[in-house]
Amino acid sequence: MALQVGMDAPAFTAKDSDGNTISLSDLAGKTVVLYFYPKDDTPGCTKQAQSFRDNYAEYQGKDMVVLGVSRDNEASHKQFQEKYGLPFQLLADTDGTITTAYDVDGGGYAKRVTYIIDANGKISYVDEKVNTGSHAQDILAAMG
């Protein structure tokens, strides 16, 4: 079962596709869209990432940070980002620490679940029924 609305979002630190270290604590004061997905460059995951890419300006306009998380490594993320022109960071959770903390471990891959973390570090929204083609718009609509 996914974490619930109102809970503190578990702290994490991970490397992005450029080798930069990203921590949730670095993003305090911002709304974070933390979306978990199974694997880079697969059909559903690509549609989901493109959905965020195509709506990214709206997220920036609302001062929202988009972070994609999978168990793939930095090199895989880099290739995926470049192939599809993804403007947001992808976090490498190769050891499964983040997927376990957020209760989305699918047994070697991340289940497709999205969390919205508010400026105070609390989970404000959970989407466990992701429509990969319209996901970014669905999240924007849920956020008002």
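Residues numbered from 1 in each chain as written. Predicted model: local features only at pLDDT ≥ 70, side-chain atom pairs only at ≥ 80, totals over all residues. Heavy atoms only, no water.

Caption draft 1: A look at the nonpolar core. Of all hydrophobic cores here, the largest spans 22 residues; its most connected members are F12, V32, L34, F36, L67, Y102 and Y115. Of all the secondary-structure elements, those providing two or more residues to this core are β3 (31-36), β4 (64-70) and β6 (114-117). Of all hydrophobic cores here, the second largest spans 19 residues; its members include Y37, F52, F80 and Y84. (Core = buried A, V, L, I, M, F, W, Y, C linked by side-chain atoms within 4.5 Å. Buried < 20%, exposed > 50% of the residue type's maximum accessible area, 1.4 Å probe, protein only. Helix = DSSP H or I, 4+ residues; strand = E, 2+ residues; numbered from the N terminus.)

Caption draft 2: Region of interest: the side chain of N55. Along the chain, N55 falls in the loop between α1 (43-54) and α2 (56-61). Sequence-distant contacts of N55, that is, excluding residues within four places in its chain, are made with A136, Q137 and L140. (Contact = heavy atoms within 4.5 Å.)

Caption draft 3: Spotlight on the side chain of D127. Structurally, the position occupied by D127 is in strand β7 (residues 123-127). In this structure D127 is buried but unpaired, with K129 as the nearest side chain of opposite charge at 7.6 Å. (Lys, Arg positive; Asp, Glu negative; His and termini not counted. Salt bridge = Lys/Arg side-chain N within 4 Å of Asp/Glu carboxyl O.)

Caption draft 4: How the structure looks around the pairing of β6. Of the two faces of β6, both are covered, the one formed by T114 and I116 as well as the one formed by Y115 and I117. Across 4 bridges, β3 lies against β6 in antiparallel orientation. Note that in β6 the partner of V33 across the bridge is I116. Of the strand pairs in this sheet, β6 and β7 are connected by 4 bridges, and their pairing is antiparallel. Its bridge partner being in β7, T114 is matched across the sheet by D127. (Pairing = 2+ DSSP bridges.)

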